[in-house]
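Letter by letter, the chains look like this.
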Amino acid sequence: QKEVEQDPGPLSVPEGAIVSLNCTYSNSAFQYFMWYRQYSRKGPELLMYTYSSGNKEDGRFTAQVDKSSKYISLFIRDSQPSDSATYLCAMRLYSSASKIIFGSGTRLSIRP
Amino acid sequence: EAQVTQNPRYLITVTGKKLTVTCSQNMNHEYMSWYRQDPGLGLRQIYYSMNVEVTDKGDVPEGYKVSRKEKRNFPLILESPSPNQTSLYFCASTLQTDRGYQPQHFGDGTRLSIL
């Protein structure tokens, strides 16, 4: 079993829809959670960085962590064609841990 | 502009021909890392470096070498490339602060094809 599971998609939604992207993980010791966005032919770029459980909002993006269920989500409101990309979840054990475990990514397409 | 720069961006080569992929960062980061990205497997760490002259193996180090002689550079060396090393490679760097490691900055990738 992989430490971090992520549905590869592809996920296709119409412009303006709310998008929900999810990851599950098996190691309950993970404390730091990240979402990266990766456009075609580019490297991953950090979208959201959260610690422990709860919600964090940044513009149209909301990251949610449910440690009891070992489940994290990224919500995108008012989705735009420019949001079309692969979204990678990632996590680490603690702040001084250099190692990050990545999900395999979900490919998202927003239809105009 | 803060950047992680990889070269080359694309390379097609043959089995056994030594190659080096360079990585340079201009953010004075101590920590640098190499990943490979394969469909369905996500990003897997090959090697990492905590600082100059300090390197260690990641999850998939076989067939790769690295060196860290200067803080800004972290080249990835394939001494005898094989077709199973065909992949998309990313270099990343980050800073360690008193609050721990910050999220990593990634380069734009190097697509390697080994025939």
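One structure accompanies this document, and this report is about it.

Rules used throughout
Residues numbered from 1 in each chain as written. Chains lettered and ligands numbered in written order. Predicted model: local features only at pLDDT ≥ 70, side-chain atom pairs only at ≥ 80, totals over all residues. Heavy atoms only, no water. Helix = DSSP H or I, 4+ residues; strand = E, 2+ residues; numbered from the N terminus. Buried < 20%, exposed > 50% of the residue type's maximum accessible area, 1.4 Å probe, protein only. Polar contact = N/O pair within 3.5 Å; in protein donor to acceptor, adjacent residues only side chain to side chain. Contact = heavy atoms within 4.5 Å. Pairing = 2+ DSSP bridges. Axes fitted to C-alpha atoms, helices over the stretch in contact; angles between N-to-C directions. Disulfide = S-S within 2.5 Å. Buried area = accessible area lost by both parts, 1.4 Å probe. Salt bridge = Lys/Arg side-chain N within 4 Å of Asp/Glu carboxyl O. Phe/Tyr/Trp six-rings, centres within 6.5 Å; stacked < 30°, edge-to-face > 60°.

### Observations concerning the side chain of Ser93 of chain B
Residue and element names in this part refer to chain B.
Now for step 1: With respect to the helices and strands, the residue Ser93 is situated in strand 9 (residues 87–94).
Now for step 2: According to the relative accessible area criterion, Ser93 is buried, its value standing at 0%.
Now for step 3: Polar contacts involving the side chain of Ser93 include one to the side chain of His29, which spans 2.8 Å.
Now for step 4: Setting aside its immediate chain neighbours within four residues, Ser93 contacts Val4, Gln25, Met27, His29, Tyr31, Met32, Gln104 and His105.

### Points about the sheet that holds strand 1 (residues 4–6) of chain A
All names here are of chain A.
Now for step 1: Taken together, the five strands give an open sheet; going across it, the order is 1-3-8-7-6, and neighbouring strands pair in antiparallel fashion. Taken across any chain shown, the strands that pair with only one partner, and hence form the sheet edges, are strand 1 and strand 6 (54–58). Within this sheet the neighbouring strands show an average axis-to-axis angle of 15 degrees, counted without direction.
Now for step 2: With five bridges connecting them, strand 6 and strand 7 (residues 61–66) associate as antiparallel partners.

### Examining the state of the cysteines
Residues and elements named next belong to chain B.
Now for step 1: Taken as a whole, this structure holds two disulfides over all chains when the rule is applied.
Now for step 2: Sulfur-sulfur distance for the disulfide between Cys23 and Cys91 comes to 1.9 Å. For the disulfide bridge between Cys23 and Cys91, the dihedral angle about the S-S bond is near -75 degrees, and by the sign convention the bridge is left-handed. In this pair, Cys23 sits in strand 3 (residues 19–25) while Cys91 sits in strand 9, placing the two residues 68 residues apart along the sequence. Take Cys23 and Cys91: they sit in the same class, and that class is buried.

### Details of the interface of chain B and chain A
Now for step 1: The interface of chain B with chain A comprises 23 residues on the first partner and 21 residues on the second.
Now for step 2: Across the chain B/chain A interface, buried area totals approximately 1,700 Å², and carbon plus sulfur atoms make up 52% of it.
Now for step 3: Linking chain B with chain A are two salt bridges, by the criterion used here.
Now for step 4: Across the salt bridge formed by Lys42 of chain A and Asp108 of chain B, the nearest N and O atoms sit 3.2 Å from each other.
Now for step 5: For the interface between chain B and chain A, the tally reads seven residue pairs in polar contact (both at pLDDT 80 or more).

### Side note on the packing of aromatic side chains
Now for step 1: Across all of its chains, the model carries 12 aromatic pairs over all chains by this definition.
Now for step 2: With centroids separated by 6.0 Å and ring planes inclined at 75 degrees, the aromatic side chains of Phe102 of chain A and Phe106 of chain B adopt a geometry described as edge-to-face. Residue Phe102 of chain A is found in strand 10 (residues 101–102), and its partner Phe106 of chain B is found in strand 12 (residues 105–106); the two belong to separate chains.
Now for step 3: When its relative accessible area of 6% is taken as the criterion, Phe102 of chain A is described as buried.
Now for step 4: The class for Phe106 of chain B is buried, based on a relative accessible area of 9%.
Now for step 5: Taken together, a centroid distance of 5.6 Å and an interplanar angle of 40 degrees make the contact between Tyr35 of chain B and Phe106 of chain B tilted.

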